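# Understanding the architecture of this molecule
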Amino acid sequence: MEQTFIILKPSTISRSLVGDVLMRFQRKGLRIAGIKMMRLNEEILREHYAHLVDRPFFPTLLKSMMATPVIVAVLAGKEAVAVVRALTGATNCRVAAPGTIRGDFGMSGQENIIHASDSVENAAIEVARFFKPEEIFDYELPTVASIYAPDER
């Protein structure tokens, strides 16, 4: 099964939305393969957001992402990257579709609840950045037969 990476941002922690957000992924049928709470520092944020370092809003992004601990997780499932991106919604919460995580829980472009990997390649890089191999677990949900057809497993 494909893996993807998410960060439940400080806005999620501060607003007590962790359970609501994780529940969306689990109800969809994705499996949590790894999860932990951590504090992000400037070094890891500069690496993770290297494509944004030169943007004028980057100092604000740093401050926001270090405001509280975050929860990082690896989710697994068939086409997990695309499924998580669809559930997450547009980056700017004000234009994210109702029914998506950002559409239902956010009003900001920056304080947008969640980071989700945008490709299989970036998911692998991000998983390796935040998790040691022994922190990722491969197991089968007892409900897998109710989630996938036999030829999809």
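So, a few notes on the structure that sits alongside this text. Quick caveat: nothing in here was measured; it's all calculated off a predicted structure.

Across its full length, the protein chain holds 8 helices and 4 strands. Along its sequence from the N terminus, the protein chain presents helices and strands in the succession β-α-α-β-α-α-β-α-α-β-α-α. With respect to the three principal axes, the spread of C-alpha positions in the protein chain is 50 × 35 × 25 Å. Counting the 153 residues in the protein chain, one finds 44% classified as buried.

So, on to the layout of surface pockets. Estimated volume of the largest pocket: approximately 510 Å³. Taken together, 23 residues line the largest pocket, and the ones lying closest to its centre are Y49, H51, L52, T91 and H115. In terms of residue count, the dominant contributor to the lining of the largest pocket is helix α7 (residues 120–130) (4 residues). Per-class residue counts for the lining of the largest pocket are 8 nonpolar, 8 polar and 7 charged. Roughly 190 Å³ of internal volume is contained in the second largest pocket.

Our focus in this paragraph is the packing of aromatic side chains. In the structure shown here, the tally under the stated rule is 2 aromatic pairs. Centroid distance F5 to F130: 4.8 Å. Interplanar angle 15°. Geometry classified as stacked. Taken together, the residues span a long stretch of sequence, with F5 in strand β1 (residues 2–8) and F130 in helix α7 at a distance of 125 residues. The class of F5 is buried, set by a relative accessible area of 0%. For F130, a relative accessible area of 5% gives the class buried. Taken together, the ring pairs connect F5, F130 and F131 into an aromatic cluster. Its end group placed over the ring of F131, K36 keeps NZ or CZ at 4.9 Å from the ring centre.

Let's shift gears to the pattern of salt bridges. Applying the stated rule across the entire model yields 5 salt bridges. Close ionic contact of K36 with E135 constitutes a salt bridge, the shortest N to O distance being 2.9 Å. With a gap of 99 residues between them, K36 in strand β2 (residues 31–38) and E135 in the loop between α7 and α8 (144–147) connect regions that are remote in the sequence. The exposure class of K36 is partly exposed, given its relative accessible area of 23%. Close ionic contact of E42 with R46 constitutes a salt bridge, the shortest N to O distance being 2.9 Å. Here R46 and E42 lie together in helix α3 (residues 42–48), a separation of 4 residues that amounts to about one turn. By relative accessible area, E42 is classed as partly exposed at 37%.

Another point: the sheet that holds strand β3 (residues 70–77). Spatial strand order, β2-β3-β1-β4: 4 strands in an open sheet with antiparallel pairing. In this open sheet, the two strands that pair with only one neighbour each are β2 and β4 (114–116). Adjacent strand axes in the sheet meet at a mean angle of 20° when their direction is disregarded. With 7 bridges joining them, β2 and β3 adopt antiparallel strand pairing. Paired with I32 across the bridge in β3 is L75.

The rules behind these values
- Residues numbered from 1 in each chain as written.
- Predicted model: local features only at pLDDT ≥ 70, side-chain atom pairs only at ≥ 80, totals over all residues.
- Heavy atoms only, no water.
- Helix = DSSP H or I, 4+ residues; strand = E, 2+ residues; numbered from the N terminus.
- Buried < 20%, exposed > 50% of the residue type's maximum accessible area, 1.4 Å probe, protein only.
- 1 Å grid on protein atoms, 1.4 Å probe; cavity = no way out; pocket = protein on both sides within 12 Å on 5 of 7 lines; lining within 4 Å.
- Points joined across faces, edges and corners; volume = space filled by probe spheres on them.
- Nonpolar A, V, L, I, M, F, W, Y, C, P; charged D, E, K, R; others polar.
- Phe/Tyr/Trp six-rings, centres within 6.5 Å; stacked < 30°, edge-to-face > 60°.
- Lys NZ or Arg CZ within 6 Å of the ring centre and 35° of its normal.
- Salt bridge = Lys/Arg side-chain N within 4 Å of Asp/Glu carboxyl O.
- Pairing = 2+ DSSP bridges.
- Axes fitted to C-alpha atoms, helices over the stretch in contact; angles between N-to-C directions.

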